[in-house]
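So you can see what is in the structure, the chains are spelled out below.
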Amino acid sequence: IRRALLPNLEALDELMRTPERPDSIATGRPLLLWYLSAAGRLLDAGEASLAVLLTYAAVERYICLCLWTTFGIDAVAPDYSNIRATVDMAAFHRFGAMLHGRAYEQRRLPGQLTFASGAQLLVTLAPDLMRTEDLGPLQGLASSRNRCEYEHGFIPRVPKRSDVDRFLTFARSLLSRIHGSPDQLSHDLSRYRFPRLE
C-alpha cells in the first residue's frame, strides 16, 4: 500500500507548498498538474462540465503563472511598466481580434486581466508559451465553459466527452511547454491521480 501511495503523497506535499506568488514556473507548476489531473478524474466519473471548469482553470492559471514569473505582471493588479515600452500593440490588437472577432474593441492594456485578455497578452509577449494557433482552442474552451450548467445562460449545454478530451489534450500541450517532455508530464500527472489499491 505504501508503494502505491508514496508518489501521490509526495505530489500532494509539493502541492501544499505551492506559494500564492510563485517565484518561478517550477514552483507554481504543481497547481497546474493538480487541476489537469482532477479534470481527468472528473471526466472519467462522467462529470464533463466540472472537467471543463477545471481545464479552463488550469489554462487560466498557466497564463497567470507565465505572465507573473516571466514579466512580473499580476493578473489582478497588473503593472505594465516592465513591458509598456516594448510591447507590440499592433500584434496585441491583432490577437484580440482573432479571439473576439468583430466584437473586439481596441483599447489600451487592460486593467484586471481576464482569461481572454491574459491569453492575448501572453501570445503577444511570449509566442513560445502561447501561440497563435492556440487561440482557436482557447476560444472553444471558453465557449464550452460559458455554456455549461455552472456558468452563464439559461439553458445549459453539457459538453460532449470528445470535446472535453480535446480541451484536456490542448491544456496538456500548453503545460508541456513549461514542463519538459510529454513523457515527463504524463509521469508527473500520474502522481496527482488518486492511486487504486488493487
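Going by the structure above, here's the rest.
Just so we're clear, the structure is a prediction, and the values are computed from it rather than from any experiment.

K.L.:
A description of the overall build of the protein chain should follow, citing residues and the corresponding values.
P.N.:
Looking only at helices and strands, one finds 8 helices and 0 strands in the protein chain. Mapped in sequence order, the helices and strands of the protein chain form the string α-α-α-α-α-α-α-α. Relative to the compact-globule value of 16 Å for 198 residues, the protein chain shows a C-alpha radius of gyration of 18 Å, a close match. For the protein chain, the spread of C-alpha atoms along the three principal axes comes to 55 × 40 × 25 Å. Counting every position in the protein chain, which comprises 198 residues, the buried fraction comes to 44%. Looking at the protein chain as shown, the accessible area adds up to about 11100 Å², and 52% of this sits on carbon and sulfur atoms. Side-chain charges of the protein chain comprise 24 positive and 22 negative groups, with the mean position of each set lying 3 Å from the other.

K.L.:
Talk me through the nonpolar core; I want residue IDs and the actual numbers.
P.N.:
One finds Tyr62 and Leu121 to be the most contacted residues of the largest nonpolar core, which totals 61 residues. Secondary-structure elements contributing two or more residues to this core are helix H1 (2-16), helix H2 (25-44), helix H3 (48-71), helix H4 (89-100), helix H5 (115-125), helix H6 (135-147), helix H7 (161-176) and helix H8 (182-191). Counting residues per element, this core draws most heavily on H3, which supplies 14 residues. Excluding residues within four positions of it along the chain, Tyr62 makes contact with Leu32, Leu122, Leu129, Met130, Leu174, Leu175, Arg177 and Ile178.

K.L.:
So what's going on with H2? Which residues, and what values?
P.N.:
Its 20 residues give H2 an end-to-end C-alpha distance of 28 Å, which sits within 8% of 28 Å, the value for a rise of 1.5 Å per residue. Positive backbone phi, at 85°, marks Gly46, one or two positions downstream of H2.

K.L.:
Explain H7 to me, and be specific about the residues and the numbers.
P.N.:
Since the α-helix packs 3.6 residues into each turn, any two residues three or four apart lie on the same face. For H7, built from 16 residues, the straight-helix expectation of 22 Å at 1.5 Å per residue is met to within 8% by its first-to-last C-alpha distance of 22 Å. What H7 keeps buried is the set Val164, Phe167, Leu168, Phe170, Ala171, Leu174, Leu175 and Ser176.

K.L.:
Please give an account of the side chain of Asp134 that cites residues and values.
P.N.:
Tracing the sequence through the fold places Asp134 in the loop between H5 and H6. Exposure remark for Asp134: the relative accessible area of 4% places this residue in the buried category. A polar atom in the side chain of Asp134 sits 2.7 Å from the backbone nitrogen of Arg131. Contact partners of Asp134, with chain neighbours within four places excluded, come to Phe170, Leu174 and Arg177.

K.L.:
Tell me what's going on with the environment of Arg17, and back it up with residues and numbers.
P.N.:
Relative to the assigned elements, Arg17 resides in the loop between H1 and H2. Considered as a pair, Arg17 and Gly28 are 11 residues apart in the sequence and their alpha carbons are 9.4 Å apart. Of note is the side chain of Arg17, whose polar atom sits 2.9 Å from the side chain of Asp13.

Definitions and cut-offs
- Residues numbered from 1 in each chain as written.
- Predicted model: local features only at pLDDT ≥ 70, side-chain atom pairs only at ≥ 80, totals over all residues.
- Heavy atoms only, no water.
- Helix = DSSP H or I, 4+ residues; strand = E, 2+ residues; numbered from the N terminus.
- Rg over C-alpha atoms; globule rule 2.2 N^0.38 Å.
- Buried < 20%, exposed > 50% of the residue type's maximum accessible area, 1.4 Å probe, protein only.
- Areas by Shrake-Rupley, 256 points an atom, 1.4 Å probe, with all protein chains shown as cover.
- Lys, Arg positive; Asp, Glu negative; His and termini not counted.
- Charge placed at Lys NZ, Arg CZ, Asp CG, Glu CD.
- Core = buried A, V, L, I, M, F, W, Y, C linked by side-chain atoms within 4.5 Å.
- Contact = heavy atoms within 4.5 Å.
- Expected span 1.5 Å × (residues − 1).
- Polar contact = N/O pair within 3.5 Å; in protein donor to acceptor, adjacent residues only side chain to side chain.

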